[in-house]
Structures are given as C-alpha cells and as structure tokens.
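Okay, here's what each chain looks like letter by letter:
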Amino acid sequence: MKFDVIHFVKTLCCTGGLLSLADYFWFAYEGSNLDFSLPFLSAVVAGAAVGSISFKREG
C-alpha cells in the first residue's frame, strides 16, 4: 500500500477548482455565494486521500 502525494495534491486542486467554479456560477445565477460546510469539505479531503492510496497487485 502506497500513498501518492502528487495524486492527492492534483485531486484537491481539481476539486477545489470545480467547487470554486460552481460558486462563481451560483453567484452569477442567484446573487449569493454557496456556503460549503466543514463536514462537506472534510469529506472532499477524505475522498482525495482515499483515492490517493494505491495497492500493489501481486501476480
């Protein structure tokens, strides 16, 4: 089992960019910002961390 730091950083950057774009579009549409809760952002970081773990396959 290996943690890929580069994949983790790229995933967080891409996810942050998508959330930022969603916030911009929502502001343009509704006139108010999206409020991302701490549990939601924690789940995003946890998902990126889990996705960055790679298992070495034998065989």
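Residues numbered from 1 in each chain as written. Predicted model: local features only at pLDDT ≥ 70, side-chain atom pairs only at ≥ 80, totals over all residues. Heavy atoms only, no water.

Considerations on the overall build of the protein chain
Each helix and strand in the protein chain was counted, giving 2 helices and 2 strands. Along the chain direction, N to C, the helices and strands of the protein chain fall in the order β-α-α-β. Principal axes of the C-alpha set define a box for the protein chain whose edges measure 55 × 20 × 15 Å. Counting across all 59 residues of the protein chain, residues that qualify as buried make up 10%. Here the analysis covers contacts within the protein chain between residues at least 6 apart in sequence; of these, 68% occur between residues at least 24 apart. One finds the centroid of the 4 positive side-chain charges in the protein chain at a distance of 22 Å from the centroid of its 5 negative side-chain charges. (Helix = DSSP H or I, 4+ residues; strand = E, 2+ residues; numbered from the N terminus. Buried < 20%, exposed > 50% of the residue type's maximum accessible area, 1.4 Å probe, protein only. Contact = heavy atoms within 4.5 Å. Lys, Arg positive; Asp, Glu negative; His and termini not counted. Charge placed at Lys NZ, Arg CZ, Asp CG, Glu CD.)

Some points on the packing of aromatic side chains
Summed over the entire model, instances satisfying the criterion amount to 3 aromatic pairs. For the pair phenylalanine 3 and phenylalanine 8, a centre-to-centre distance of 5.6 Å together with 50° between the ring planes defines the contact as tilted. What makes phenylalanine 3 partly exposed here is its relative accessible area of 40%. Overall, phenylalanine 8 belongs to the buried group, its relative accessible area being 18%. Measuring from centroid to centroid gives 5.7 Å for phenylalanine 36 and phenylalanine 40, while their planes differ by 20°, and the two rings are stacked. A residue is classified by how much of its surface remains accessible, and phenylalanine 40, at 38% relative accessible area, is partly exposed. (Phe/Tyr/Trp six-rings, centres within 6.5 Å; stacked < 30°, edge-to-face > 60°.)

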